[in-house]
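# Descriptive structure summary
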Amino acid sequence: MNEFLKTLLNDVYVKFVMNHNEFIFLDYRLYLFIVEEAYWYSIDNYVLNNLSFRTFAALLLMYSKVIPECDNVLNEVFKLNMSEFNESKIVSLIEKYKPRQHKSFPSACDKYYYYNNVFPLSRLNDDLNHFNNYKRSVPVYGCMIFSPDLSKFLIVKQTTGSTYTFPKGKRIMNEDPKICAVRETMEEVGIDVTDHITCVNFTIFKKITLYVVLNIDPSVPVKPRSAKEIAGIEWINIEDFINSINSSEECFNSKYKLVIVAFRQFLPFYENLKSNLFKFKFDQNDDNLNDETDANKRNNSLIRIMNRLL
């Protein structure tokens, strides 16, 4: 008996799926976003590197009874020992037991009227393909995070391609854009920017919107929730970054392409905001800066100035 798999599926079912089965009645894509979140959790906490998202989704949906009448598949999978527990073996079992026919459904629509309000296993591949296509069209929201003296900003290094970007991610259905930016920032760098985010934002590449976040101390602890997506987190000196852009080194411009495009849009606001800094005390040795009330007042004043610059 593969106790490892049973423990994993039960854990992610309780943490992610158990209280969200109602979403399947609303929109299957929202449900698959939850399954995808469970997948990243499994990779980080169970070192689940030998299963694709597609296969993991099939197992979790069968385990949670969203895909019906699949006990025979799960029973066979649970019999696998760890040496047999791999992608090809599980896929072969799913193919062996899944129904060969399924009802006809619209190829793409906001609501899927599945029989018994569940996924039919026979069309799971189609549903996942629609989900992947849908994700490509989903707007992305994130944050440009700046230090209190505006001398530094925070970027993240992606695990794929070793390129740099800002903490950002896809919007979940009807989620408020600013809430999405705050949530994704918390997930990718571990910083709650709720009280520091402004209404100033920039859209680049037509679907990526970045909100300006002020007054975040570079010494605050940072940690991505998923090491699978984020390889590193760095604070960059703005003056050094501008000089590097002007040097026009091809390698630098390639690695920092998104950051450069976003920063060039923000630069006029950055210059205006810097010119207003004399109104506030930014002396890092000032004891008053350790007072939470003074820090909040300073932050609110900066945000008001930033919003007036719109």
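Sequence order sets the numbering: in each chain, residues are counted from 1 along the sequence as written. In view of the model being predicted, local features appear only for residues whose pLDDT reaches at least 70, and side-chain atom pairs are presented and counted only at 80 or more, with totals across whole chains, interfaces and linings using the full set of residues. Side-chain calculation: all heavy atoms of the structure are included, whereas hydrogens and water are not.

Going by the annotation in an unreviewed UniProt entry, the name recorded for the protein chain is DCP2, with Hepatospora eriocheir given as the source organism. The Subcellular location (unreviewed entry) comment attached to the protein chain in UniProt states, word for word, "Cytoplasm". UniProt positions are given in the numbering used here, feature names are shortened, and annotations may be inferred rather than shown by experiment.

Moving on to the overall build of the protein chain. Looking only at helices and strands, one finds 12 helices and seven strands in the protein chain. Exposure is judged per residue with a 1.4 Å probe applied to protein chains only, and the accessible area is read against the type maximum: over 50% gives exposed, under 20% gives buried, and values in between give partly exposed. When the 310 residues of the protein chain are sorted by exposure, 48% land in the buried category. Intrachain contacts of the protein chain at a sequence separation of at least 6 include 66% that bridge at least 24 residues. Each accessible area is a Shrake-Rupley result for a 1.4 Å probe, and residues are judged covered by the shown protein chains and nothing else. Roughly 15800 Å² of accessible area belongs to the protein chain as shown, and the carbon and sulfur atoms make up 49% of that amount. To qualify as a helix, a DSSP run of H or I must reach at least 4 residues; to qualify as a strand, a run of E must reach at least 2; elements of each kind are numbered from the N terminus. Residue contacts are defined here by distance: any two heavy atoms, one from each residue, within 4.5 Å place the two residues in contact.

Salt bridge, as used here, is a side-chain nitrogen of Lys or Arg placed within 4 Å of a carboxyl oxygen of Asp or Glu. Enumeration over the complete set of coordinates arrives at seven salt bridges. For the salt bridge of Asp71 with Lys65, the shortest nitrogen-to-oxygen distance reads 2.8 Å. Each of Glu175, Arg183, Glu184 and Glu187 takes part in a single network of salt bridges with overlapping partners.

Turning our eyes to something else, we now look at the nonpolar core. Here, nonpolar core means buried Ala, Val, Leu, Ile, Met, Phe, Trp, Tyr and Cys residues that are tied together by side-chain atoms lying within 4.5 Å of each other. If you look at the biggest cluster of nonpolar residues, it comprises 45 residues, and the most contacted ones within it are Val35, Phe56, Leu59, Leu60 and Met62. Listed by contribution, the elements that provide at least two residues to this core are helix 1 (3-17), helix 3 (28-46), helix 4 (53-63), helix 5 (71-78), helix 6 (87-97) and helix 7 (124-137). The biggest single contributor to this core is helix 3, with 11 residues. In contact with Leu59, not counting residues within four places along its chain, are Leu5, Leu9, Leu51, Leu74, Val77 and Ile90. Formed by 31 residues, the second largest nonpolar core is a distinct cluster that contains Leu150, Val200, Tyr256 and Phe263.

So, on to the environment of Phe263. Position of Phe263 among the secondary structure elements: in helix 11 (residues 257-275). Overall, Phe263 belongs to the buried group, its relative accessible area being 1%. Once the C-alpha coordinates of Phe263 and Phe241 are considered, the two residues, 22 residues apart in sequence, prove to be 9.7 Å apart. Once residues within four sequence positions are removed from consideration, Phe263 is found in contact with Met144, Phe146, Phe153, Ile238, Phe241 and Ile242.

A few words on the packing of aromatic side chains. To describe a pair of aromatic rings, one takes the distance between the centres and the angle between the planes. Paired rings are identified among Phe, Tyr and Trp, the last through its six-membered ring, by centres lying within 6.5 Å, and are further divided according to the angle between planes into stacked (under 30 degrees), edge-to-face (over 60) and tilted (the rest). Counted by the stated rule, this structure contains 20 aromatic pairs. Taking 5.2 Å as the distance between ring centres and 80° as the angle between the ring planes, the aromatic pair formed by Phe33 and Phe131 counts as edge-to-face. Taken as a pair, Phe33 in helix 3 and Phe131 in helix 7 lie far apart in primary sequence, 98 residues in all. Ring centres 4.6 Å apart and planes at 5° place the aromatic pair Tyr164 and Tyr256 in the stacked group. Of this pair, Tyr164 sits in strand 3 (residues 164-165) while Tyr256 sits in the loop between helix 10 (250-255) and helix 11, and the two are 92 residues apart along the sequence. Judged by relative accessible area, Tyr256 falls into the buried class, the value being 10%.

Working definition: a disulfide is two cysteine sulfur atoms within 2.5 Å of each other. Counting across every chain of the model gives zero disulfides. With no disulfide of its own, Cys143 has Cys180 as its nearest cysteine by sulfur position, at a separation of 9.2 Å. The exposure class of Cys180 is buried, given its relative accessible area of 0%.

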